[in-house]
Amino acid sequence: ISWSAEDEAIIATNTDATECKRCAVELGYWKDEYISYFAKHVDRKAPEINRGYYARVKAMEMFIHQFLERCGTKCQIINLGCGFDTLYWRLKDTTQAVSNFIELDFPSVTSKKCHIIKRNKQLLEKICKEGINGEVVIRSGDLHSDGYHLLGCDLRCLEEVRRKLQAAGATAEAPALLLAECVLVYLRPEAALALLRHLAAAFPRCVLLLYEQCNLSDRFGEVMLRNLSARGCPLAGAEHCREPAAQAERLVSLGFDAARSWDMETVWRSFPEDERSRVDALEMLDERELLLQLNTHYALTVATRGELFADLDLAG
Ligand code: SAM
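All values derive from a computational prediction rather than experimental measurement.

Thresholds, definitions, all that
Residues numbered from 1 in each chain as written. Predicted model: local features only at pLDDT ≥ 70, side-chain atom pairs only at ≥ 80, totals over all residues. Heavy atoms only, no water. Helix = DSSP H or I, 4+ residues; strand = E, 2+ residues; numbered from the N terminus. Rg over C-alpha atoms; globule rule 2.2 N^0.38 Å. Buried < 20%, exposed > 50% of the residue type's maximum accessible area, 1.4 Å probe, protein only. Contact = heavy atoms within 4.5 Å. Near = heavy atom within 4 Å. Polar contact = N/O pair within 3.5 Å; in protein donor to acceptor, adjacent residues only side chain to side chain. Areas by Shrake-Rupley, 256 points an atom, 1.4 Å probe, with all protein chains shown as cover. Nonpolar A, V, L, I, M, F, W, Y, C, P; charged D, E, K, R; others polar. Phe/Tyr/Trp six-rings, centres within 6.5 Å; stacked < 30°, edge-to-face > 60°. Core = buried A, V, L, I, M, F, W, Y, C linked by side-chain atoms within 4.5 Å. Disulfide = S-S within 2.5 Å. Axes fitted to C-alpha atoms, helices over the stretch in contact; angles between N-to-C directions. Left-handed = near helix turned anticlockwise from the far one by under 90°.

*Asks:* Lay out the overall build of the protein chain in plain terms, naming residues and giving numbers.
*Replies:* Within the protein chain, the regular secondary structure consists of 13 helices and 9 strands. In terms of C-alpha radius of gyration, the protein chain reaches 19 Å, essentially the compact-globule figure of 20 Å for 316 residues. Overall size of the protein chain, expressed as C-alpha extent along the three principal axes, is 55 × 45 × 40 Å. Among the 316 residues that make up the protein chain, the fraction classed as buried is 56%. Within the protein chain, contacts between residues at least 6 apart in sequence are counted, and of these 77% link residues at least 24 apart.

*Asks:* Got a sec to walk through the site of the ligand? Specific residues and values, please.
*Replies:* Neighbouring the ligand are 21 residues; Lys 21, Arg 56, Gly 81, Asp 105 and Leu 155 lie closest to it. For the ligand, an oxygen atom lies 2.8 Å from a polar atom in the side chain of Lys 21. Within the side chain of Glu 181, one N or O atom sits 3.0 Å away from an oxygen atom of the ligand. For the ligand, whose free accessible area comes to 590 Å², the fraction covered by protein is 98%. Each residue belonging to the shell around the ligand can be placed in one class, and the counts come to 11 nonpolar, 4 polar and 6 charged.

*Asks:* Residues and numbers for the packing of aromatic side chains, please.
*Replies:* One pass over the full model with this rule turns up 14 aromatic pairs. Taking the centre distance of 6.2 Å and the plane angle of 50 degrees together, the rings of Tyr 29 and Tyr 54 count as tilted. Here Tyr 29 is found in the loop between helix H1 (5-26) and helix H2 (35-38), whereas its partner Tyr 54 is found in helix H3 (residues 47-71), with 25 residues between them in sequence. Here Tyr 54 falls in the buried class, since its relative accessible area comes to 1%. Arranged with centres 6.1 Å apart and planes meeting at 75 degrees, the rings of Trp 268 and Phe 271 form a pair that is edge-to-face. The exposure class of Trp 268 is buried, given its relative accessible area of 8%.

*Asks:* Lay out the nonpolar core in plain terms, naming residues and giving numbers.
*Replies:* Ranked by size, the top nonpolar core spans 69 residues in total, and within it Phe 63, Trp 89, Tyr 148 and Leu 209 carry the most contacts. Contact partners of Trp 89, with chain neighbours within four places excluded, come to Tyr 34, Phe 38, Glu 103, Lys 113, Ile 117, Gln 122, Leu 123, Lys 126, Ile 127 and Tyr 148.

*Asks:* An account of the side chain of Asp 7 is needed here, citing residue identities and associated values.
*Replies:* Within the secondary structure, Asp 7 is located in helix H1. A distance of 3.1 Å separates a polar atom in the side chain of Asp 7 from a polar atom in the side chain of Arg 156. Beyond its immediate chain neighbours, meaning those up to four positions away, Asp 7 contacts Phe 106 and Arg 156.

*Asks:* Talk me through the state of the cysteines; I want residue IDs and the actual numbers.
*Replies:* By definition, a disulfide links the sulfur atoms of two cysteine residues through a covalent bond. Overall, the coordinates contain 0 disulfides when judged by the stated rule. Cys 157 takes part in no disulfide bond, and the closest cysteine sulfur to it belongs to Cys 153, at a distance of 7.2 Å.

*Asks:* Any details on the environment of Ala 39? Residues and values, ideally.
*Replies:* Counting through the fold element by element, Ala 39 comes out in the loop between H2 and H3. Classification of Ala 39 as buried rests on a relative accessible area of 4%. Spatially, the C-alpha atoms of Ala 39 and Arg 22 are 6.8 Å apart, while their sequence positions differ by 17 residues. Once you skip the residues sitting within four places of it in the chain, Ala 39 turns out to touch Thr 18, Glu 19 and Arg 22.

*Asks:* Residues and numbers for the packing of helix H7 (residues 158-167) against helix H8 (residues 189-202), please.
*Replies:* For the pair H7 and H8, interaxial distance at closest approach is 10 Å and the crossing angle is 35 degrees. Both H7 and H8 take part in a crossing whose hand is right-handed. Where H7 abuts H8, its residues Leu 158, Val 161, Arg 162 and Leu 165 lie against Ala 194, Leu 195, His 198 and Leu 199. Considered class by class, the residues forming the contact of H7 with H8 number 6 nonpolar, 1 polar and 1 charged.

This is the structure:
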């Protein structure tokens, strides 16, 4: 398979995200015992970047827990463009490990992740089912085990997504949590819309967490767009990064029952006060204005299907 230069740039965004997360974890923003397996050495990032990643990870976590509170662990998590995300291992250390966890990304990313898992006992032992001699099958770059599947897949190709999800045991019968953290912006709008429409139709009880850029039509947004474009985002791909309310409306038009969207400044303010003070004290911010700009140009959108999830909300 040959990848275009744009695809290479997109794949590199995972390295960047992983390094930023490791840096923030080392500074005490949140705990993640597994991130250091995936990013070896990292330079210190600007405090505004660390704060941005903190809000991103905590916001995702808040809704992951709300989802699990409502449906228990007999459910599936599907991580789209998973990169080197460590959520699977973090959940395994709690009482909230789910029945089936499926991760999709470009094969060059999943095969690297696969390699890192194989090399590190701490990662691998959480994939083998405890007690039984759990089998881990690695075939043409895909990893299958009982309850964890890591599969190479181009999200722009719906047929491949369907096939891979099926091979991983995804089912319409169980509630599904769909994660898309900084991923869909790298797809052309038609491809992103087709994928979302397909997922909404395939999972009658689901929650989609979509974290991405928003409000890109102002001057700060234009700079972000140029950066995105340098990192392989088809410029038109950011077309759907509109204001949060429009993002939510778009998801309802694609087949979700309901959707809500908040910019990250609103999300940050919804965090408990003691937690915000703790984080505020970790590092001096050089540029509060820059942080505000960043926060108002990223949004978390939560779209749901099914009664069970109708009341998901900030600080729920
Ligand atoms: N979701 C992870 C996180 O937040 O840490 C990784 C985010 S990284 C910015 C974007 C990820 O999306 C990369 O791992 C990239 O390879 C993946 N991605 C982008 N376009 C994709 C596509 N068409 N098919 C599969 N994966 C894709």
